[in-house]
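# Chains, contacts and geometry: an overview
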Amino acid sequence: SRYVIAFEAYGGKRKKSDPPPSELGSTGDAVIRLMERAKVVGYNHILFLDSWFNSPLLVKRLDEMGIRTCGAIKSQRKHLPKCPRVPCGNKTKEDPNSPLSKVKLNQMQPGDFFHFHSGNITYCVVKDKIIMRLLYNHTAGSNTIGRKMSDNTTKMVPLALQHYSTYARGVDIVNQLHYNYIIGRKSKRCLFTMHMYMNKNKNK
């Protein structure tokens, strides 16, 4: 586990001559391409995403492909619940009674969470050291697990938080290895050693 099976080199900003992205956006299209290139579609895998890629439309598209997902998500993404606004004089402001308001979010304690559901998709806001926003459909939103929080208390939190903290670390580990063996860093030449190794295995 935790090794690269498919990647896509960033080629710079999209040119005007390039075909426009789908409704999933450039990042969503990249996820679909990588999943198809990795040849993992149809094997009942669970895909873990960070907030740069995750979106409600992508989760629905992957679900149609038979792939369940779990990942962090940005609160600004389209089709996510937003804090309602109420009149305040000639302007409007966030409804302070909404759990999505800044007032309520700042009052959350480690282990506090709430969620919204749409079909089999759950949008969850949970507080540990920081406020985490998760979007997932790989497990029921009502599933919880005991977890030791940053204040050393043990509380019941969404199971998805435990899964994301455990399995999404694979991406971080790959990035750490990349920086440890970065190509541009000066080091001893290894081409001769690689050449001898390849010839040795070839002779076998």
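Before reading on, note that the structure itself is shown above.
Residues numbered from 1 in each chain as written. Predicted model: local features only at pLDDT ≥ 70, side-chain atom pairs only at ≥ 80, totals over all residues. Heavy atoms only, no water.

### Considering the overall build of the protein chain
Our working definition: Secondary structure follows DSSP: runs of H or I at least 4 residues long count as helices, runs of E at least 2 residues long count as strands, and numbering of each begins at the N terminus. For every residue, the accessible area obtained with a 1.4 Å probe (protein chains only) is divided by the maximum for its type, and the residue is called buried under 20%, exposed over 50%, and partly exposed between those limits. Residues count as neighbours in contact if any of their non-hydrogen atoms are within 4.5 Å of one another. The method behind every accessible area is Shrake-Rupley, applied with a 1.4 Å probe, and residues are considered shielded solely by the protein chains displayed.
Assigned secondary structure in the protein chain consists of 6 helices and 9 strands. Taking all 204 residues of the protein chain together, 29% fall into the buried category. At a minimum sequence separation of 6, the contacts of the protein chain that also span at least 24 residues come to 41%. Of the accessible surface of the protein chain, which amounts to about 14500 Å², a share of 55% is contributed by carbon and sulfur atoms.

### With respect to the side chain of Asp-95
How we decide: The charge count treats Lys and Arg as positive and Asp and Glu as negative. His and the chain ends do not count. Throughout this description, the term salt bridge denotes a Lys or Arg side-chain nitrogen within 4 Å of a carboxyl oxygen of Asp or Glu.
You can see Asp-95 is positioned in the loop between β4 (91-94) and α3 (102-106). The side chain of Asp-95 is buried and forms no salt bridge, while Lys-93, the nearest opposite charge, is found at 8.0 Å. In this view, Asp-95 contacts Cys-83, Pro-84, Arg-85, Val-86 and Ser-101; residues no more than four positions away in its chain are not counted.

### Some points on the packing of helix α1 (residues 25-37) against helix α2 (residues 56-64)
Using the following cut-off: Convention adopted: a line fitted to C-alpha atoms gives each axis, helices being fitted over their contacting stretch, and angles between N-to-C directions are expressed from 0 to 180 degrees. Oblique is the label for any angle not covered by the other classes, which are roughly parallel (under 35 degrees), roughly antiparallel (over 145) and roughly perpendicular (65 to 115). A crossing counts as left-handed when the near helix is turned anticlockwise from the far one by less than a right angle, and as right-handed when that turn is clockwise.
Running from N to C, α1 and α2 point in directions that differ by 25 degrees, and their axes come no closer than 10 Å. As judged from the angle between their axes, α1 and α2 are roughly parallel. Remark: the crossing between α1 and α2 carries right-handed chirality. Counted together, Gly-28, Val-31, Ile-32 and Met-35 of α1 and Leu-58, Arg-61 and Leu-62 of α2 form the full contact between these two elements.

### Re the sheet that holds strand β7 (residues 131-136)
Basically, it comes down to this: Any two strands with at least two DSSP-identified bridges between them are counted as paired.
Ordered by their spatial adjacency, 5 strands build an open sheet running β1-β2-β7-β6-β5, and the pairing between neighbours is mixed. Either end of the sheet is taken by a strand with one partner, and the two such strands are β1 (46-49) and β5 (113-118). The mean inter-strand angle of the sheet, taken between neighbouring strand axes irrespective of direction, is 15 degrees. When strand β6 (residues 121-127) meets β7, the two strands line up antiparallel, connected through 6 bridges. Within the sheet, the bridge partner assigned to Val-125 lies in β7 and is Arg-133.

### Digging into the environment of Ile-32
Here Ile-32 lies in helix α1. Judged by relative accessible area, which is 7%, Ile-32 ranks as buried. In this structure the C-alpha to C-alpha distance between Ile-32 and Arg-61, which are 29 residues apart in sequence, comes to 8.8 Å. Setting aside residues no more than four positions away along its own chain, Ile-32 makes contact with Leu-24, Leu-58, Arg-61, Leu-62 and Met-65.

### Digging into unusual backbone geometry
Positioned with a positive phi, Asn-44 is a non-glycine residue whose angle comes to about 60 degrees. The backbone of His-79 shows a phi angle near 70 degrees, a positive value even though the residue is not glycine. Along the polypeptide, His-79 turns up in the loop between β2 (68-72) and β3 (85-88).

### Section: the pairing of β7
Residues in a regular strand point their side chains to alternate faces of the sheet. Pairing analysis gives 3 bridges linking β2 to β7, with the strands arranged antiparallel. The residue bridging Ala-72 from the neighbouring strand is Leu-134, located in β7. Counted along the chain from β6 to the antiparallel partner β7, the turn is 3 residues long.

Note that all results are geometric; they support no functional claim without further evidence.
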